[in-house]
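Structure at a glance
One letter stands for each residue in the lines below.
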Amino acid sequence: MMTINEGIVTVKIPSFHKVSSKAPVFYNPNMELNRDISVLAIQQFQKEKKSKIKIADLFAGSGIRGIRYRLEIEGVESVLANDINPVAVEFIEENSKLNNAPVDITMEDANILLRRNRGIFDVVDIDPFGTPSPFIESAGYSLKKDSLLCVTATDTSSLCGTYKNPCIRKYNAVPLKTEYCHENGLRILVGFTSLTLAKYKKYIKSRLAYSSQHYMRIYLEIGKGAAKADKSLKENIGFIYHCHNCLYRNLEHGMLPILPKKCPKCGGRLDFSGPLWIGELEDESFIKGMIKSLPEKTLNKKKEALKLLKLLEEEAGMPPTFYDIHKICSKMRISAPPLKKVMENLQEKGFKVVRSHCRATGIKTNASIMELKKSIKEVYS
């Protein structure tokens, strides 16, 4: 037996040698930052809603996430902690008593639970081991207007394009193996969720989305109305096409756009990814609110959370995809100059440029690849 301390809670879990779905009760210590960010995000959502909220944690495992939500987020009316594993349910019961945390505990298939509780929850958290894909349909049916959907995906190898066919099968989208594959994976996940919810005349607003370590996490606010759902799809669903030769990339809106086959810059063959979300992933005001709440919370990963949120705040309003300076310099057959100097050079020319949270050597900018290469040459020389 192991004792874990996170936030203001203490839970007991069975001892394990390796994080695996085969563990008696699933608990992943590498997800602590995920849970810290979740506390901040749901707290900000509650503050904006200005009312008590009901939360459903569909894959509760040890119960640590749901218990933390109950005790660490102000304005929570109730938390439902669900897991289909009977051993997990025993640990949820024990850990809720240990922390004096009143949570409702169920042992159901997540899809059935969602469909039996249509319109009940203000926040639905889908954090499975692997792909969340099989549960998004039921979430679309169950979610009500002005609710928040939180989703984790750990099948990054398919979303990032290492395994193409599983991504097509699970997310109905073609992935793209590039330097910005993690951002691309986030956009596939958000796009798939948006298209699934549109069946139920619902649309999404992405409040926060990020990739960290082995997982991707998105926070989507739900709106309702057929016309607004149609408008959202028209404005935010499309394709990204990419030249592996010169690293040029661009966007096309729509489900069936006519995609160019040759790169307009070098004549090379273009590769593509989609359908995916080409709209905003980050909501600056939402993230600012989360940062403002940080001092109020007891978090073990407070420094890491602040660093990540600052990067995401800067990414708000920037174009999709990012450039990896080392990748570009490798193509140019030169050593990579200091990233800071390249960014300063672009800013002096009037371009917007920020760091990417996905990769330490990545930058997001409204400068073209040709303009970026020119700045690198100027700094290099």
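These notes cover the structure that comes with them. Treat the numbers as computed from the prediction; the structure is a model and nothing was measured. (Residues numbered from 1 in each chain as written. Predicted model: local features only at pLDDT ≥ 70, side-chain atom pairs only at ≥ 80, totals over all residues. Heavy atoms only, no water.)

**Description of the sheet that holds strand S14 (residues 353-355)**
Picture the strands of a sheet paired through backbone hydrogen bonds; they go either parallel or antiparallel. Read from one edge to the other, the open sheet built from three strands follows the order S13-S15-S14, with strand pairing classed as antiparallel. This sheet does not close on itself; its edge strands, each paired only once, are strand S13 (323-324) and S14. Here two bridges tie S13 to strand S15 (residues 362-365), and the two strands are oriented antiparallel to one another. Paired with tyrosine 323 across the bridge in S15 is isoleucine 363. (Pairing = 2+ DSSP bridges. Helix = DSSP H or I, 4+ residues; strand = E, 2+ residues; numbered from the N terminus.)

**Quick word on the pairing of strand S2 (residues 9-13)**
Side chains of S2 alternate between two faces, with Val9, Val11 and Ile13 buried and Thr10 and Lys12 left unburied. Two elements, strand S1 (residues 2-6) and S2, share five bridges in a ladder whose sense is antiparallel. From the neighbouring strand, isoleucine 4 faces S2, where its bridge partner is valine 11. (Buried < 20%, exposed > 50% of the residue type's maximum accessible area, 1.4 Å probe, protein only.)

**Observations concerning unusual backbone geometry**
With an omega of 0°, the peptide bond between glycine 274 and proline 275 qualifies as cis. Considering the arrangement of structural elements, one finds proline 275 in strand S12 (residues 270-277). Here asparagine 100, not a glycine, exhibits a phi torsion of approximately 50°, which is positive. Mapped onto the secondary structure, asparagine 100 falls in the loop between helix H3 (86-98) and strand S5 (104-106). Owing to a relative accessible area of 66%, asparagine 100 belongs among the exposed residues under this scheme.

**Concerning the side chain of arginine 65**
Structurally, the position occupied by arginine 65 is in helix H2 (residues 64-72). We classify arginine 65 as buried; its relative accessible area is 4%. A distance of 3.1 Å separates the side chain of arginine 65 from the side chain of serine 38, its partner in a polar contact. (Polar contact = N/O pair within 3.5 Å; in protein donor to acceptor, adjacent residues only side chain to side chain.)

**Considerations on the pairing of strand S3 (residues 53-57)**
Most of S3 is tucked away, with four of its five residues classed as buried. In this structure, S3 lies alongside strand S4 (residues 76-82), joined through five bridges in parallel fashion. Its bridge partner lying in S4, alanine 56 is registered against leucine 80. Running through H2, the crossover from S3 to the neighbouring parallel element S4 is right-handed. Across three bridges, S3 lies against strand S6 (residues 123-126) in parallel orientation. If you follow alanine 56 over to S6, its bridge partner there is valine 124. (Right-handed = clockwise from strand over helix to strand, strands pointing away.)

**Let's talk about the side chain of serine 78**
As for its placement among the helices and strands, serine 78 is situated in strand S4. Taking relative accessible area as the criterion, serine 78 reaches 18% and is therefore assigned buried.

**Some details on the sheet that holds S5**
In spatial order, the strands read S5-S4-S3-S6-S7-S9-S8; together these seven strands make up an open sheet with mixed pairing. Edge positions in the sheet fall to S5 and strand S8 (202-212), since each of these pairs with one other strand and no more. Neighbour-to-neighbour, the strand axes of the sheet open up by a mean angle of 15°, direction not taken into account. (Axes fitted to C-alpha atoms, helices over the stretch in contact; angles between N-to-C directions.)

**Let's talk about a positive patch on the surface**
A surface patch of positive charge is lined by Arg115, Arg118, Lys201 and Lys224. If you trace the backbone, arginine 118 turns up in the loop between helix H4 (110-116) and S6. The exposure class assigned to arginine 118 is partly exposed, which follows from its relative accessible area of 48%. (Patch = residues over 30% accessible without salt bridge, like charges linked within 9 Å, V, L, I, M, F, W, Y side chains within 5 Å. Areas by Shrake-Rupley, 256 points an atom, 1.4 Å probe, with all protein chains shown as cover. Salt bridge = Lys/Arg side-chain N within 4 Å of Asp/Glu carboxyl O. Lys, Arg positive; Asp, Glu negative; His and termini not counted. Charge placed at Lys NZ, Arg CZ, Asp CG, Glu CD.)

**Description of the pattern of salt bridges**
Under the criterion given, the structure shown has 26 salt bridges. Measuring nitrogen to oxygen at the nearest pair gives 3.0 Å for the salt bridge that ties glutamate 137 to lysine 199. Placement of glutamate 137 in helix H5 (residues 133-142) and of lysine 199 in the loop between helix H8 (181-198) and S8 is noted, with a sequence separation of 62 residues between them. Judged by its relative accessible area of 57%, lysine 199 falls in the exposed class. Among the salt bridges present, the one from lysine 364 reaches glutamate 183, with a minimum N-O distance of 2.9 Å. Here glutamate 183 lies in helix H8 and lysine 364 lies in strand S15, a separation of 181 residues in the sequence.

**Here we look at helix H10 (residues 284-293)**
All of the buried residues in H10 are Phe286, Ile287, Gly289, Met290, Ile291 and Ser293. Looking at the packing, one finds that the buried side of H10 touches helix H1 (32-49), S8 and helix H11 (302-315). (Contact = heavy atoms within 4.5 Å.)

**As for helix H14 (residues 369-380)**
Compared with the 16 Å implied by 1.5 Å per residue over 12 residues, the 16 Å span of H14 between its first and last C-alpha is a close match. Taken together, the buried positions of H14 are Ile369, Leu372, Lys373, Ser375 and Ile376. Along the axis of H14, the buried residues cluster in a sector spanning 160°; they form a single face. More than 90 degrees from the buried face of H14, the exposed residues found are Lys374 and Lys377. If you follow the buried residues of H14, they end up packed against S13, helix H12 (325-332), helix H13 (339-348) and S15. (Expected span 1.5 Å × (residues − 1). Arc of directions from axis to C-beta.)

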